[in-house]
Each structure stands twice: as structure tokens, then as C-alpha cells.
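Spelled out, the chains give:
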Amino acid sequence: MSVQVKVTRDVERQKLHFNATFPASPEPWTLHLPTWRPGRYELANFAQYVMWVKGIASDGAESLLSKADLHSWHVPAGVQRVSWLFHADILNAGSTCIEPDLFYVNPVNCFMYDVERQELPYEIRLADLTLAKDEEAGWELATALPWALEAGTPVLRARDVQHVMDAPWVASPKLWHDSFREQGVNFHMWVHDTLPSDPARFVAEHVAFTRAQLSCFGSFPTEEYHFLYLFPDRDVRHGVEHEDSTVIALGPAKRVQSEEGHMEIIGIASHELYHAWNVKRIRPAEWTPYDFTQACPSELGYIAEGVTTYMGDLFLFEAGVVDLEGWCALMTRLLERHLNNPGRLNMSVASSSFDTWLDGYRVGVRGRKGSIYVEGAILAFLCDCRIMTLTHGQASLSTAMRLLWERFGRPRTGLTATDYWDVLTEVAGQSLDDLRLAHAEGTEDTWMPLVDAMTSQGLSLTKRMDDQGLARVSLTPQNPPAPPMA
């Protein structure tokens, strides 16, 4: 038994029509639409884009379904078929968008499911998508979902609700593709619309940071991974991790093809690939498995996003994509964002993580809270330096992350704060509770710990205040330099 979903497009009106058949249920049941999506820890209220929901009786008669709550609908006993219309005009990495040359779907925005039967597999039929044949120009399809052509129609398959909601697809007549194989894993790169100015360099740098991350963790969660790029000629910047893929959107075209834009893309890509281990598998207990029916606050955003932000940049250095000066420039931007956010001294990064579900990713009330990305990355750096100092360079935060992958990520066991800090203590050979209490769960100033940590790595950190009263930092190698080590 499976849920069979037929998807058709109304390109002119930017609407998606879903027609789904569920296995028969002798009792009334509830059709639910997710309230949030993985990678964005706030309520998204996707039901605001649903135009209508109908039940279809065995004789073909249709009737509008009444709502059970803001995000779900009552389905009468005996009704197996339901249909709905979804408005799809938002183009960013986490959205769903239908345009004349783009068919991009993030299922968690627009796919319905039965909360009581989440183990059901999904069979998704893209009814009006005709793909190019060998050597022909035309539409192509990119996704990590297994799929095949059946009577000329692409049919995608997902093992259950958790899988389908975390597996987007992109179809386009302007889809560039390349691939590489590293340590037994096939990596695919797909670019919609604007191609970076130096494709060979683009691929080579993906190979470099991928190889470095794989070497750190020792294994990869899956046999295949897809980088899905949306590079339209309009302003956009966004990246979202998925179980076996990532979607990264950047534009306009001039930006994509610039040196600055190229490095921006590579930085986001390294960050998102690291998520394949950290957050997609090494996942806070509150998100294991995902509960799409409600907000799921967690205080561990500083691990999910902070560690990933720090490591994504560090692996660009480890891979030789940036040199020490380049890494210092990346860290300088983080440090200045950190020092110029007064909220870090008001609310801990753990509490700020919990409260993303209140005000999302907006700045909110100035001085109220910190950033799980920025403050989390600064904390990750402090932990990394502490471990390296205590072990005389024989271990690092990466050592701990590999243990977390093996003990929690690979078996998909939900992570707690105690689990995380216990592994860091094990690797360091000494408790890091002072860092936890002061900078994860507390709001103590980080400046002097940062200066000391930089010194331990052969770097000099100074700051000054500019004319606007903002902190500006200088981060330079001492002599001789001793760069950070993953």
C-alpha cells in the first residue's frame, strides 16, 4: 500500500494541482499539511497557500473538506481520494515555485499526509512533465528521490512521510549537470539558469571540500548526494539542507558569475554538505523524528547551525579553497556580527535557539537575542581551540563530531545537550563545562576568551570602534603562523 500522488501544473496562474489516493480507512481521518520545514526553525503556516481541499467519493463526486484546525482537514470514512490546489510563486531555496522554465517543489510546503499513517510510502507521478530524451534539448529532472519513467511519465518514490518531506526536486529546460565520485559516493551538481563563470573551478572546489569533510567523518550517510542550484537573474540568497541533497538559490546572474558570488556559493555549499551529517543525522532529540504538526523548539540550534557554520568555513581552509588570509576574512565577518549584536549579552544562544520559534529569523527586538549561526559558530571555535590546546593538537572539535556521527547520527538517536558536552569532554580529556555555562547557556562576554583562543592558534585578534560605534576587528597571523586545524 502507498499514497499515490498525481501532480499537474498551471504555469500561467502559478498553481500546483495535487490529486492523491490514500489506502482505504474504515474510520474518518485527518489530512494534514506541515506547519514548518526542516532547516527553518519557525512556523511557516504553509496552509495560507492552499486554495481549496476536496474529497472525492467512489462515484467521482467532489466536495470541499472542512477544516479540523488551521493546518488540517476532516476526511469522511470511506473517502480515499483527495485533491488540493497550491499557490506556488515564491522562489527561494526552501519554497515551491512554478514558472515557464522551472518546476521546483519542496514537498514539505505542499504535500498532505495522514498523521496516523506516516509509515506509508509515497508514489509521485509528475503527470505533465515530458523529459528530454538522449542528446535532445528539453526538460531534465534533478532529485535525490529514486525515480523512473513509466509510460513516459516521471514517477518518484519515497519510503515514508519523513523521506518525502525532505526530498525536493527541480525540473527545468535550463539544467546543467556535472558529477564526481569521492570515496565511493556519487555527488551530483545541478544548476538551473545561470552557470557560474568557471564551471571547471566550480566542480573542482566542490570536490576539494567534499573530500576534506568525508575524510573527517570517515563515511557518508548515503551512496548518492545532490547539490541543486537555482541561479535566477533576480535577487535571492538562500540555502537549505535536506537528507540526501541541498538546494541553494543565489541571484542575480551578475552576482553568480562574479568572484564574490562564486565564493559565496562555495561557502554555502560547504555549510550545507556538512549538514548531511550534522542535523540531518546528528539531530537534536526534539527533531527526531520531525513532528510537522506543531512547533518543535530546541535549545541545540548552536550545535545544528553554529557548529555547521564554523565547520563549513573551516573546511574551505582545510581543502585549500581559501588560504589562511581567506579564512581570517571569513572569521572576521563572523566576529564583527557577533560583537555588534548586543542580544548575545541578554539571552544565551541556547535560549535564542528555543526562541527562533517565536520571532523566526528576523532581528526582532534589538538587543533581545543572539543568532544560532553566529554566536553558535563563535562557541564552536572556542570549543575547538580548547580541545586542541588540551590535547596538544591530537584532537579537535572534528574528532568529537565524528564520535557524535558514529554514536548518534548513524543510528539516528536523538541528541541532548548532555550527550554533546559529554563527548566533547571525552575528547578533550577535561570538562568544558565552563564554556557551556558561560557561552552556551550563559551570556558572559567572549572577547578575552576569543583573544586567548586566537593566540593559541598563532593568530592576533584586536578590535577598535568606528565612527558609528561599531566594533571592527583585525585578525592576523603571528610569526610563525599556526592556523586552525580541523
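The structure this text deals with has already been given above.
Report follows, based on the coordinates.

Reading the values: rules and limits
- Residues numbered from 1 in each chain as written.
- Predicted model: local features only at pLDDT ≥ 70, side-chain atom pairs only at ≥ 80, totals over all residues.
- Heavy atoms only, no water.
- Helix = DSSP H or I, 4+ residues; strand = E, 2+ residues; numbered from the N terminus.
- Buried < 20%, exposed > 50% of the residue type's maximum accessible area, 1.4 Å probe, protein only.
- Polar contact = N/O pair within 3.5 Å; in protein donor to acceptor, adjacent residues only side chain to side chain.
- Contact = heavy atoms within 4.5 Å.
- Arc of directions from axis to C-beta.
- Phe/Tyr/Trp six-rings, centres within 6.5 Å; stacked < 30°, edge-to-face > 60°.
- Lys NZ or Arg CZ within 6 Å of the ring centre and 35° of its normal.
- Pairing = 2+ DSSP bridges.
- Axes fitted to C-alpha atoms, helices over the stretch in contact; angles between N-to-C directions.

Overview of the side chain of His-439
Next, step 1: For His-439, the location among the structural elements is in helix α13 (residues 433–440).
Next, step 2: On the basis of relative accessible area, His-439 is assigned to the buried category, the value being 11%.
Next, step 3: In terms of polar contacts, His-439 uses its side chain to reach the backbone carbonyl oxygen of Glu-444, at 3.3 Å.
Next, step 4: Residue contacts for His-439: discarding those within four places in its chain leaves Val-349, Leu-379, Leu-382, Glu-444, Asp-445, Thr-446 and Pro-449.

Examining helix α14 (residues 447–456)
Next, step 1: Within α14, the full set of buried residues consists of Trp-447, Leu-450, Val-451, Ala-453 and Met-454. Taken end-on, α14 shows its buried residues confined to a sector of 165°, consistent with a single buried face.
Next, step 2: On its buried face, α14 sits against α7 (324–339), α10 (374–390), β22 (459–465) and β23 (471–477).

Examining the packing of aromatic side chains
Next, step 1: This structure, assessed with the given rule, holds 32 aromatic pairs.
Next, step 2: Their ring planes at 85° and their centres at 5.1 Å tell us that Phe-220 and Trp-277 sit as a pair that is edge-to-face. Within this pair, whereas Phe-220 is found in the loop between α3 (199–217) and β19 (224–231), its partner Trp-277 is found in the loop between α5 (259–275) and α6 (301–318), the two being separated by 57 residues in sequence.
Next, step 3: A relative accessible area of 11% means that Phe-220 is categorised as buried.
Next, step 4: Residue class for Trp-277 comes out buried when judged on its relative accessible area of 0%.
Next, step 5: One cation-aromatic arrangement involves Arg-9 over Trp-139; the distance from NZ or CZ to the ring centre is 5.1 Å.
Next, step 6: The cationic tip of Lys-54 hangs over the ring face of Trp-52; the distance from NZ or CZ to the ring centre is 4.3 Å.

Considering the sheet that holds strand β9 (residues 97–99)
Next, step 1: Within the open sheet, the four strands sit side by side as β9-β10-β16-β13. Their pairing is antiparallel. The open sheet has two edge strands with one neighbour each: β9 and β13 (140–143). On average, adjacent strands in this sheet sit at an angle of 10° to one another, irrespective of strand direction.
Next, step 2: Across four bridges, β13 lies against strand β16 (residues 169–172) in antiparallel orientation. Residue Leu-141 lies in a different strand from β16, and its bridge partner there is Ala-171.

Notes on the pairing of strand β12 (residues 122–126)
Next, step 1: Of all five residues making up β12, four are buried, and the element is well covered by its neighbours.
Next, step 2: Pairing between strand β1 (residues 3–10) and β12: five bridges, direction parallel. Along β12, the bridge assignment pairs Val-5 with Ile-124.
Next, step 3: As judged from the four bridges shared by β12 and strand β15 (residues 153–158), these two strands associate in the antiparallel manner. Bridged to Ile-124 within β15 is Leu-156.

That's the geometry; what it means functionally is another story.
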